[in-house]
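Residue-level structure breakdown
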Amino acid sequence: MTLSLGAIVDALGGELHGERTQQIHGLSTLALAGPGQLSFIANERYRQQLADSAAGCIIVGPPLAAAAQARGACIVAESPYVYYARVTQLWKRHTSPGRPAGVHPSAVVHPGAQVDPQAWIGPLCVVEQGARIGPGTVLHSRVTVGENCRIGARCILHAGVVIGADGFGFAPTPEGWEKIEQLGAVQIGDDVEIGANTCIDRGALADTVLEDGVKLDNLIQIGHNVRVGRHTAMAACVGVAGSATIGAHCTIGGAAVVLGHLQLADRVHISAASVVTRSLLQPGHYSGFFPIDDNDRWEKNAAVLKRLHDLRTRLQTLEKRSNQSTSP
Amino acid sequence: MTLSLGAIVDALGGELHGERTQQIHGLSTLALAGPGQLSFIANERYRQQLADSAAGCIIVGPPLAAAAQARGACIVAESPYVYYARVTQLWKRHTSPGRPAGVHPSAVVHPGAQVDPQAWIGPLCVVEQGARIGPGTVLHSRVTVGENCRIGARCILHAGVVIGADGFGFAPTPEGWEKIEQLGAVQIGDDVEIGANTCIDRGALADTVLEDGVKLDNLIQIGHNVRVGRHTAMAACVGVAGSATIGAHCTIGGAAVVLGHLQLADRVHISAASVVTRSLLQPGHYSGFFPIDDNDRWEKNAAVLKRLHDLRTRLQTLEKRSNQSTSP
Amino acid sequence: MTLSLGAIVDALGGELHGERTQQIHGLSTLALAGPGQLSFIANERYRQQLADSAAGCIIVGPPLAAAAQARGACIVAESPYVYYARVTQLWKRHTSPGRPAGVHPSAVVHPGAQVDPQAWIGPLCVVEQGARIGPGTVLHSRVTVGENCRIGARCILHAGVVIGADGFGFAPTPEGWEKIEQLGAVQIGDDVEIGANTCIDRGALADTVLEDGVKLDNLIQIGHNVRVGRHTAMAACVGVAGSATIGAHCTIGGAAVVLGHLQLADRVHISAASVVTRSLLQPGHYSGFFPIDDNDRWEKNAAVLKRLHDLRTRLQTLEKRSNQSTSP
């Protein structure tokens, strides 16, 4: 399948330098693209690679427009990375048959669920009683949406997602644990994407909430009564414990952990594999994980770390002595 | 739907101060509950919030009974949190239709499996040959129970759970890995709850075992031949490697890791995100993760951490010098 | 069911010392095996346990042959652990009915997918358009293989695996995130095993690749455009971020994290729970996690760790003073 450069700029805007009739057979990275392919350069840092690329056409920003034109065909766009994202969408629409609306015959949808006629419920999904699925939303295969959970418009739920399993709530008794029935549900806004095998638990009393535009990667755990603010994104394997409130426009790196009942302000950014143990009320970039090293060196350093408090005490002792000896 | 205060204490006991005919329309937290709602106060620490609550009725322990009566209707119970748990169960029974016993028509149950007539096998579950499911046990949607695995009575398995996939066993050869077939199964006791997308692998030779009353949250991995003792609870994203033996009444925080072949005594408590690398034979509370910080400070501290052993050597050198200079 | 020692050595080789007609009723560990069971001893370290074992027959290597013969029946093999692995395979073939080839009637296989007649597609699996499944490959229950993804020969995919969900790609805009459609697929070689609920994302432009003989445990995340080299093995709960390139014959411990765009050489070994934040271009063993400790001690050490850089500065100050005072 092919798209002409003219068709691309007609659909997406941008300033074409080159022939409208030139045909594009696919998209590729700057290094790998051939003469039939379209590529992009999102960052001026990669200016050096521009001249060497064999791409048929390159999407660039205004600062690289002259250099790109000197090389050959290009499309100049304000934000080349966003433009590239929109080209992938155009390409997908052009090359894939439109996903059908409706319910795959193998899905199990409770008659008391409300599925918008413009939604798609994929093979072997389960939509339980009282659940609501908004227009344009896609459930890929083997997704479960539990009782009374609501999914907004234009959401994408990948295979194996579980929305609305019980939150983890038990009262300790001398004999063991007494189950606290989870009486809340899950509310998911519009334009939310949820990765494969990710789990969003239902609330204990009130609902668990993902606001509009939240993007979650695969194998993420969102505990009961968590609230995730608009346009916050989390990479894979993150765990968010119950009743945490995460602001808008945050990013949480892969395998990070957020403990329960904490609050994260808007625009908080957490590095991968970090453990958030206190509320972070100021925007900023926070980190905390052990740096990797050769195993032998790590072992030596880790052994000293287990006596770090003693080390400080010894240092204080020396400081006192030193201060005494230098005092008159 | 509503419940009267009289109906609640008739079902669950406790000392009602208020009108038996007062109707409850739902449960809520102390801060959010309105006049039609029932709330609870589990801890004397929150005494301050008692007077301000608009809840129609509050469950309290004996120490707060007088203060609660001064405010309005209350139920006095020995353990208000356990009482609240039982109210959620009562509420759930009252508001939800009883879950049917039987097998959903979309489930795939091998004719050689034994499913108790009082169990429920939900939509799109798979129960393989020789598996046994006890009375009152509920498999929510899309659960797999593998060959010869046994689930006790009154268990709850949430969506996406996999019981009895092969343990991870391979013998190294010069060319790669030789599969060790996993010939054991999984045995799960009574009153066990297992969260969404959690995996319990079958044993290599003997069985993997979860004893009665174990509670596992979502996205947990239990390796082959692990044994988890009675009433132990694990929060989400925990990984337990093969042949670990975990005692009774333990709690394992979210995203903690327990390495293989270790032993944890009864009543061991592991903080979230900690890595258990040695057996813990004494009850107690154990932790180990890097404290989170502003990224800049973390970077500086992490850089020094990679030279911590050198730092100790330098400190020792100073100590020697100091001791020499202060010696007569 | 039983196997005779003669049948075992006829099938697998090895030097039998004992009666060919002796019947074996099962396999077990050295400590637990009874007279009807076969066991093995993989490591000379366990020589002490040999004499005490009640096993009917023991697989040993040449260094333990004499000691094992003195005890009773044994099979001497060059590599007893590999021999044991092959016995488990023999036992499985002997005791389980051969897994059927074909497609379970509850699976949803797109007519545009190519499933080899010698493959097995288990209950409630989904195989999408353009996917290809090689000969001898087994998809256990509830596996999804997405559009255009290719699985080689003799692979095993456990329950809940998701191959070919979208990689996590979004371009930031002032309003939120613009989806980058993931136009690549997943290529999986021959003899690959993938554990329960593990996810392998499709590539953004090119494909995500697992080479021949890769072994992945449960609940692992492989991001888009990752390449994993031949015979590399990863324990459960590992996360590999997008565009990482991992060499051949590596081992990655459970819950380790590999950040994006990094390169790991062949024969790199990562300890459990370590976070790989830089390329590791030399073979070796790398580690990095906080050592576990009593919670009180951990708290004290962690508090000092947050001031470690200051501690170094204070040490430097003392060193300067000390050098000045000892200088002439």
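Residues numbered from 1 in each chain as written. Chains lettered and ligands numbered in written order. Predicted model: local features only at pLDDT ≥ 70, side-chain atom pairs only at ≥ 80, totals over all residues. Heavy atoms only, no water.

1. As for the overall build of chain A
Of the regular secondary structure elements, chain A holds six helices and 37 strands. Relative to a compact globule of 328 residues, whose C-alpha radius of gyration would be 20 Å, chain A shows 26 Å and is clearly more extended. Projected onto the principal axes, the alpha-carbon positions of chain A cover approximately 85 × 70 × 35 Å. Sorting the 328 residues of chain A into buried and exposed places 58% on the buried side. In chain A, the proportion of contacts linking residues at least 24 apart, taken out of those at least 6 apart, comes to 19%. As displayed, chain A has an accessible area near 12,700 Å², and 50% of this comes from carbon and sulfur atoms. Of the charged side chains in chain A, 27 are positive and 28 negative, and the gap between their average positions amounts to 5 Å. (Helix = DSSP H or I, 4+ residues; strand = E, 2+ residues; numbered from the N terminus. Rg over C-alpha atoms; globule rule 2.2 N^0.38 Å. Buried < 20%, exposed > 50% of the residue type's maximum accessible area, 1.4 Å probe, protein only. Contact = heavy atoms within 4.5 Å. Areas by Shrake-Rupley, 256 points an atom, 1.4 Å probe, with all protein chains shown as cover. Lys, Arg positive; Asp, Glu negative; His and termini not counted. Charge placed at Lys NZ, Arg CZ, Asp CG, Glu CD.)

2. Considering the pattern of salt bridges
Scanning all chains against the criterion turns up 39 salt bridges over all chains. Salt-bridge contacts for Arg307 of chain A lead to Asp310 of chain A; the nearest nitrogen and oxygen are separated by 3.5 Å. Here Arg307 of chain A falls in the exposed class, since its relative accessible area comes to 51%. Glu44 of chain C is paired through a salt bridge with Arg47 of chain C; the nearest N and O atoms lie 3.4 Å apart. Taking relative accessible area as the criterion, Arg47 of chain C reaches 39% and is therefore assigned partly exposed. Here the salt bridges do not stand alone but share partners, grouping Asp166 and Lys179 of chain A together with Glu193 of chain B into one network. (Salt bridge = Lys/Arg side-chain N within 4 Å of Asp/Glu carboxyl O.)

3. Re the relation of the copies chain B and chain A
Overlaying chain B with chain A gives an RMSD of 0.1 Å, the required rotation being 120° about an axis along which the chain moves by 0.0 Å. The two molecules are tied by a three-fold rotation axis, judged by turn and shift. The position closest to the rotation axis in chain B is occupied by the C-alpha of Phe290 of chain B, lying 3.5 Å away. (Least-squares fit on C-alpha atoms with pLDDT ≥ 70 in both.)

4. Side note on the packing of helix α1 (residues 5-12) of chain A against helix α4 (residues 80-95) of chain A
Residue and element names in this part refer to chain A. Direction vectors running N to C along α1 and α4 enclose 110°, while the axes themselves pass 11 Å from each other. Relative to α4, the element α1 is oriented roughly perpendicular. Note on packing geometry: the crossing formed by α1 with α4 is right-handed. Here Ile8, Val9, Ala11 and Leu12 of α1 lie close against α4, whose contacting residues are Tyr83, Arg86, Val87 and Leu90. Here the residues of the contact of α1 with α4 sort into seven nonpolar, no polar and one charged. (Axes fitted to C-alpha atoms, helices over the stretch in contact; angles between N-to-C directions. Parallel < 35°, antiparallel > 145°, perpendicular 65-115°, else oblique. Left-handed = near helix turned anticlockwise from the far one by under 90°. Nonpolar A, V, L, I, M, F, W, Y, C, P; charged D, E, K, R; others polar.)

5. A look at the interface of chain B and chain A
Opposite the 64 residues of chain B that make contact, chain A presents 65 residues. Counting each side, the surface lost to burial between chain B and chain A is near 5,500 Å², with a carbon and sulfur contribution of 65%. Summed over the three residues of chain B that lose the most area to chain A, namely Arg142, Ile292 and Lys306 of chain B, the buried surface amounts to 13% of that side. Summed over the shared surface of chain B and chain A, the number is three salt bridges. Residue Glu319 of chain B pairs with Arg314 of chain A through a salt bridge whose shortest N-O separation is 2.8 Å. Sorting elements by how many residues they give to the side of chain B that touches chain A places helix α6 (residues 308-326) of chain B first, with ten residues. Across the side of chain B that touches chain A, the residue classes break down as 31 nonpolar, 20 polar and 13 charged. (Buried area = accessible area lost by both parts, 1.4 Å probe.)

6. Things to note about the domain arrangement of chain A
Partitioning chain A into domains gives domain 1 (3-95), domain 2 (102-286) and domain 3 (296-326). The C-alpha centroid of domain 2 of chain A is placed 36 Å from the C-alpha centroid of domain 1 of chain A. (Domains from an automatic or database assignment.)

7. A look at the confidence of the model for chain A
Put simply, chain A has an average pLDDT of 96, and 99% of its residues get 70 or more. Reported confidences for the modelled complex are a pTM of 0.97 and an ipTM of 0.96. (pLDDT = per-residue confidence, 0-100.)

8. Notes on the environment of Val186 of chain C
All names here are of chain C. Residue position: Val186 is located in strand β21 (residues 186-188). Residues Val186 and Asp310, 124 residues apart in the sequence, show an inter-C-alpha distance of 48 Å. Once you skip the residues sitting within four places of it in the chain, Val186 turns out to touch Asn148, Cys149, Arg150, Ile163, Gly164, Ile200, Asp201, Arg202 and Thr208.

9. Some points on helix α1 (residues 5-12) of chain C
Residues and elements named next belong to chain C. Within α1, the full set of buried residues consists of Leu5, Gly6, Ile8 and Val9. All buried residues of α1 lie within an arc of 160° about the axis, which places them on one face of the element. Where α1 terminates, the next one or two residues include Gly13, which has phi positive at roughly 80°. (Arc of directions from axis to C-beta.)

10. Let's talk about the sheet that holds strand β22 (residues 193-194) of chain A
Spatially, the eleven strands line up as an open sheet ordered β8(A)-β11(A)-β14(A)-β17(A)-β22(A)-β25(A)-β28(A)-β31(A)-β34(A)-β36(A)-β37(B), and their pairing is mixed. Looking at the sheet topology across the chains shown, the edges are occupied by β8 (102-103) of chain A together with β37 (293-294) of chain B. Note: strand β34 (residues 268-270) of chain A against strand β36 (residues 284-287) of chain A, three bridges, orientation parallel. Of the residues in β36 of chain A, the one forming a bridge with His269 of chain A is His285 of chain A. (Pairing = 2+ DSSP bridges.)

11. Remarks on the pairing of strand β6 (residues 57-60) of chain A
Residues and elements named next belong to chain A. Burial along β6 is two-sided: Cys57 and Ile59 and Ile58 and Val60, pointing in opposite directions, are all buried. Relative to β6, strand β5 (residues 37-40) runs parallel, the two being bridged by three bridges. Residue pairing for β6: Leu38 is matched across the bridge by Cys57. Of the crossover connections in this fold, the one passing from β5 over helix α2 (residues 47-52) to the parallel β6 is right-handed. Where β6 meets strand β7 (residues 74-76), three bridges bridge the pair, whose relative direction is parallel. (Right-handed = clockwise from strand over helix to strand, strands pointing away.)

12. Remarks on the sheet that holds strand β24 (residues 208-210) of chain C
Residue and element names in this part refer to chain C. As summarised here, the arrangement of the eight strands in space is β10-β13-β16-β21-β24-β27-β30-β33, forming an open sheet in which the pairing is parallel. Sheet topology places β10 (114-115) and β33 (263-264) at the edges, where each strand pairs with a single neighbour. With two bridges joining them, strand β27 (residues 227-228) and strand β30 (residues 245-246) adopt parallel strand pairing. Within the sheet, the bridge partner assigned to Val228 lies in β30 and is Ile246.

13. Quick notes on the interface of chain A and chain C
The interface is formed by 64 residues belonging to chain A together with 65 residues belonging to chain C. When the two sides are added together, the surface that chain A and chain C hide from each other amounts to roughly 5,500 Å², 66% of it contributed by carbon and sulfur. The largest per-residue losses of area from chain A upon contact with chain C belong to Arg142, Ile292 and Lys306 of chain A, which jointly make up 13% of the total buried on that side. Where chain A packs against chain C, one counts three salt bridges. Taken together, chain A and chain C are joined by 26 residue pairs in polar contact (both at pLDDT 80 or more). (Polar contact = N/O pair within 3.5 Å; in protein donor to acceptor, adjacent residues only side chain to side chain.)

14. Re unusual backbone geometry
Residue and element names in this part refer to chain C. Positive phi, normally seen in glycine, also occurs at Cys237, with a value near 70°. Turning to its location among the elements, Cys237 is positioned in the loop between β28 (233-234) and β29 (239-240). Of note in this structure, Ala255 is not a glycine but carries a positive phi near 65°. Relative accessible area serves as the criterion here: at 22%, Ala255 is assigned to the partly exposed category.

15. Side note on the packing of aromatic side chains
Given two aromatic rings, their pairing is described by the distance between the two centres and the angle made by the two planes. Residue and element names in this part refer to chain B. Under the criterion given, the structure shown has 18 aromatic pairs over all chains. Summarising the aromatic geometry, the rings of Phe40 and Tyr84 are spaced 3.9 Å apart at their centres and angled 15° between planes, so their arrangement reads as stacked. Residue Phe40 is located in strand β5 (residues 37-40), and its partner Tyr84 is located in helix α4 (residues 80-95); the two are separated by 44 residues in the primary sequence. The exposure class assigned to Phe40 is buried, which follows from its relative accessible area of 17%. (Phe/Tyr/Trp six-rings, centres within 6.5 Å; stacked < 30°, edge-to-face > 60°.)

16. A short note on the side chain of Thr208 of chain C
Residues and elements named next belong to chain C. Of note, Thr208 is situated in strand β24. A distance of 3.3 Å separates a polar atom in the side chain of Thr208 from the backbone nitrogen of Gly203. Apart from residues no more than four positions distant in its own chain, Thr208 is found in contact with Ala185, Val186, Gln187, Ile200, Asp201, Arg202, Gly203, Ile222, Gly223, His224, Asn225 and Val226.

17. A short note on helix α4 (residues 80-95) of chain C
Taking 1.5 Å as the rise per residue, α4 of chain C with 16 residues should run 22 Å; its terminal C-alpha atoms sit 22 Å apart, in good agreement. Looking only at α4 of chain C, the buried set comprises Pro80, Val82, Tyr83, Tyr84, Ala85, Val87, Thr88, Gln89, Leu90 and Trp91 of chain C. (Expected span 1.5 Å × (residues − 1).)

18. Focus on the environment of Ala165 of chain B
Mapped onto the fold, Ala165 of chain B is located in strand β18 (residues 162-165). Look at Ala165 of chain B and you get buried, because its relative accessible area is 7%. For the pair Ala165 of chain B and Asp116 of chain B, spaced 49 residues apart in sequence, the C-alpha separation works out to 22 Å. Setting aside its immediate chain neighbours within four residues, Ala165 of chain B contacts Ile200, Asp201 and Arg202 of chain B together with His158 and Ala196 of chain C.

19. Side note on the state of the cysteines
All told, the structure shown has zero disulfides over all chains when counted by the stated rule. No disulfide involves Cys125 of chain B; its sulfur sits 14 Å from the nearest other cysteine sulfur, which is in Cys155 of chain B. Distance from the sulfur of Cys199 of chain C, which forms no disulfide, to the nearest cysteine sulfur (Cys237 of chain A) is 8.3 Å. (Disulfide = S-S within 2.5 Å.)

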